[in-house]
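If you want the building blocks of each chain, they are given just below.
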Amino acid sequence: MVDYGKEFMLYLMDEKCYNNYFVEFDLLDGDCFRALLSKGLGLGIIAGSVLVKVPQITKILGNRSARGISLFSVCLDLFAITIHMAYSFVNGFPFSAWGDTAFLALQTAIIAMMVLFFGGSTILAAAFTFAYSGLVYALMGGLTPLKYLLIAQGFNVPILLLGKLSQAFTNYRNGSTGQLSAVTCFMLLAGSLARIFTSIQETGDQMMIITYGSSSFANLVIALQVLYYWNSDKQKKTATAGAAAAKKPKAKSKKTD
């Protein structure tokens, strides 16, 4: 039982930190604390990422509409996430440093497929699913050299910003955040901010740090829009309900002798 406990702790920290904490009982080692905090944050982000876009997916399903969601933005976001996932996987970075992108990629792909499907393009939705599956295999199955992934990762920042900010522009043009889920937006912002720290601590990769910094900025813009348009969306729903009630014909009262 002790061996299993030690194996688990060695997954969270290296041998040096394990000895500091459990052999020498030195609980004030700053480097070990930062490493343990980073690993814990990374695993927490991965656990959260399993459900981070589920509120968005359920909102689209519940309304059977993807109104207000920019397909262009979703596809650019998906491309950026997928490149980042493949780059980290091929580089051999710890799963705790990038594992959330695997779940984000899956959920973002589902959202893109649903935007196409509820937009009336069933064939395009199916074609997109097969094409994206092939792309993931080509990037992560050893068919794409690392040098090309590094180049693609370099384009990730402008692609990510363009994708996120195009959604922000769509929100501004519509005067509403449409079917965007507030829970998803705030969880993405929290996750990207935490990833800046974990990337510094676990990989030291400047490209990953810059990518998460840019993602945090773009996620912050959209999160602020969600707050700004919150009352606007409620007022529009109330006005729509009132207009529908006004148009409803009143029942004629029967005359009595």
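Residues numbered from 1 in each chain as written. Predicted model: local features only at pLDDT ≥ 70, side-chain atom pairs only at ≥ 80, totals over all residues. Heavy atoms only, no water.

- The name given to the chain in an unreviewed UniProt entry is Mannose-P-dolichol utilization defect 1 protein homolog, with Anopheles culicifacies as the source organism.
- Under the heading Subcellular location (unreviewed entry), UniProt records this for the chain: "Membrane".
- Recorded under Sequence similarities (unreviewed entry), the UniProt text for the chain is reproduced unchanged: "Belongs to the MPDU1 (TC 2.A.43.3) family." (UniProt positions renumbered as here; feature names shortened; annotations may be inferred.)

Quick notes on the pattern of salt bridges
- One pass over the structure, following the stated rule, counts five salt bridges.
- Lys 39 is the salt-bridge partner of Glu 202, the closest N and O atoms lying 3.7 Å from each other. Remark: Lys 39 occurs in helix 3 (residues 30-49) and Glu 202 occurs in helix 10 (residues 182-202); sequence separation between them is 163 residues.
- Relative accessible area serves as the criterion here: at 13%, Lys 39 is assigned to the buried category.
- The salt bridge involving Lys 53 is made with Asp 77; its shortest N-O contact spans 3.3 Å. Here Lys 53 is found in the loop between helix 3 and helix 4 (54-63), whereas its partner Asp 77 is found in helix 5 (residues 71-91), with 24 residues between them in sequence. Taken as a pair, Lys 53 and Asp 77 share a single burial class, namely buried. (Salt bridge = Lys/Arg side-chain N within 4 Å of Asp/Glu carboxyl O. Helix = DSSP H or I, 4+ residues; strand = E, 2+ residues; numbered from the N terminus. Buried < 20%, exposed > 50% of the residue type's maximum accessible area, 1.4 Å probe, protein only.)

Quick word on the packing of helix 5 against helix 6 (residues 95-118)
- Taken N-terminus to C-terminus, the directions of helix 5 and helix 6 make an angle of 155°; their axes are 9 Å apart at the nearest point. The orientation of helix 5 with respect to helix 6, classified from their angle, is roughly antiparallel. Between helix 5 and helix 6 lies a crossing of left-handed hand. For the pair formed by helix 5 and helix 6, the contact residues are Leu 71, Val 74, Asp 77, Leu 78, Ile 81, Thr 82, His 84, Met 85, Ser 88 and Phe 89 on the first element and Trp 98, Thr 101, Ala 102, Leu 104, Ala 105, Thr 108, Ala 109, Ile 111, Ala 112, Val 115 and Leu 116 on the second. (Axes fitted to C-alpha atoms, helices over the stretch in contact; angles between N-to-C directions. Parallel < 35°, antiparallel > 145°, perpendicular 65-115°, else oblique. Left-handed = near helix turned anticlockwise from the far one by under 90°. Contact = heavy atoms within 4.5 Å.)

Some details on helix 10
- Given a rise of 1.5 Å per residue, 21 residues ought to cover 30 Å, and the 30 Å separating the end C-alpha atoms of helix 10 matches this to within 8%.
- All of the buried residues in helix 10 are Ala 182, Thr 184, Cys 185, Leu 188, Leu 189, Gly 191, Ser 192, Ala 194, Arg 195, Thr 198, Ser 199 and Glu 202.
- Just downstream of helix 10 lies Gly 204, where phi reads positive at about 70°. (Expected span 1.5 Å × (residues − 1).)

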